[in-house]
Amino acid sequence: MENVEEVKRKSKGKESRFGKRYGFEIKLRCVKLRLEEGLPYSLLCKEVGVNKVTLGRWVRDYQERGEAGLRKQVVSSGGRRKLPAPVSEKI
């Protein structure tokens, strides 16, 4: 298996207004290190630079949905709805 540093360089976390984004590869690597190798959360968090809660969520998502749980998820727009065309035109 690859070293965590190598995976970090490949997946280069992207910054957004919601914080740093991690790629699928780094998430999968961290989860496997935790579940298969038994590395402690504290060590993984320090190495990757991720919050303990976030790492715990990755592990839970992986256990519940497998690799699909670690892939980018589409977030719905919540309660926002498009206005009907006649209303939009009037505005």
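Relevant structure appears above.
Scoring rules and cut-offs
Residues numbered from 1 in each chain as written. Predicted model: local features only at pLDDT ≥ 70, side-chain atom pairs only at ≥ 80, totals over all residues. Heavy atoms only, no water. Helix = DSSP H or I, 4+ residues; strand = E, 2+ residues; numbered from the N terminus. Buried < 20%, exposed > 50% of the residue type's maximum accessible area, 1.4 Å probe, protein only. Lys, Arg positive; Asp, Glu negative; His and termini not counted. Salt bridge = Lys/Arg side-chain N within 4 Å of Asp/Glu carboxyl O. Contact = heavy atoms within 4.5 Å. Disulfide = S-S within 2.5 Å. Axes fitted to C-alpha atoms, helices over the stretch in contact; angles between N-to-C directions. Parallel < 35°, antiparallel > 145°, perpendicular 65-115°, else oblique. Left-handed = near helix turned anticlockwise from the far one by under 90°. Nonpolar A, V, L, I, M, F, W, Y, C, P; charged D, E, K, R; others polar. Core = buried A, V, L, I, M, F, W, Y, C linked by side-chain atoms within 4.5 Å.

A.B. asks: Give me the lowdown on the side chain of Lys27, citing residues and values where you can.
C.D. replies: Here Lys27 is to be found in helix H2 (residues 24-35). Although Lys27 is buried, it forms no salt bridge, and the closest oppositely charged side chain is Asp61 at an N-O distance of 7.2 Å. Not counting residues up to four positions away in its chain, the partners in contact with Lys27 are Tyr22, Trp58 and Leu70.

A.B. asks: Lay out the state of the cysteines with the relevant residues and their values.
C.D. replies: Applying the stated criterion across every chain yields a total of zero disulfides. No disulfide involves Cys30; its nearest neighbouring cysteine sulfur is the one of Cys45, lying 8.3 Å away.

A.B. asks: Quick one: what's the story with the pattern of salt bridges, residue by residue and with numbers?
C.D. replies: If the charged atoms of two oppositely charged side chains come close together, the side chains can form a pair. Under the counting rule described, the total for this entry stands at three salt bridges. Between Glu64 and Arg60 there is a salt bridge whose closest N-O contact spans 4.0 Å. Linking Glu64 with Arg60, this pair stays in helix H4 (residues 52-65), spanning four residues, or about one helical turn. Residue Glu64 is classed as exposed on the basis of its relative accessible area, which comes to 54%. The salt bridge partner of Arg65 is Asp61, with a shortest N-O separation of 3.8 Å. Residue Arg65 and its partner Asp61 are both found in helix H4; the two are separated by four residues, about one turn of the helix.

A.B. asks: Tell me about the packing of H2 against helix H3 (residues 41-48), and name the residues and values.
C.D. replies: Relative to each other, H2 and H3 sit at 155°, their axes nearing to 10 Å. Here H3 runs roughly antiparallel to H2, going by the angle between their axes. H2 and H3 meet at a crossing whose hand is right-handed. On H3, the residues touching Ile26, Cys30, Leu33 and Arg34 of H2 are Tyr41, Leu44 and Val48. Residues of the contact of H2 with H3, tallied by class, amount to six nonpolar, no polar and one charged.

A.B. asks: Summarise the nonpolar core; cite the residues concerned and give the values.
C.D. replies: A general trend in soluble globular proteins is that nonpolar side chains are found buried together. Core analysis: the biggest nonpolar cluster contains 15 residues, and Tyr22, Cys30, Val48, Val50, Leu55, Trp58 and Leu70 have the highest contact counts within it. If you list the elements that add at least two residues to this core, you get H2, H3 and H4. A per-element tally of this core places H2 first, with six residues. When residues no more than four places from it in sequence are discounted, the contact partners of Tyr22 are Lys27, Val48, Gly49, Val50 and Trp58.

A.B. asks: Provide a residue-level description of the packing of H3 against H4, including the pertinent values.
C.D. replies: When two helices pack together, you describe them by how their axes are tilted relative to each other and by the distance separating the axes. Contact geometry of H3 with H4 gives a least axis separation of 9 Å together with a crossing angle of 110°. Judged by the angle between their axes, H3 and H4 are roughly perpendicular. Residues Tyr41, Leu44 and Cys45 of H3 lie in contact with H4, whose contacting residues are Lys52, Leu55, Gly56 and Val59. In terms of residue class, the contact of H3 with H4 is made up of five nonpolar, one polar and one charged.

Purely geometric stuff here, so don't read any function into it on its own.
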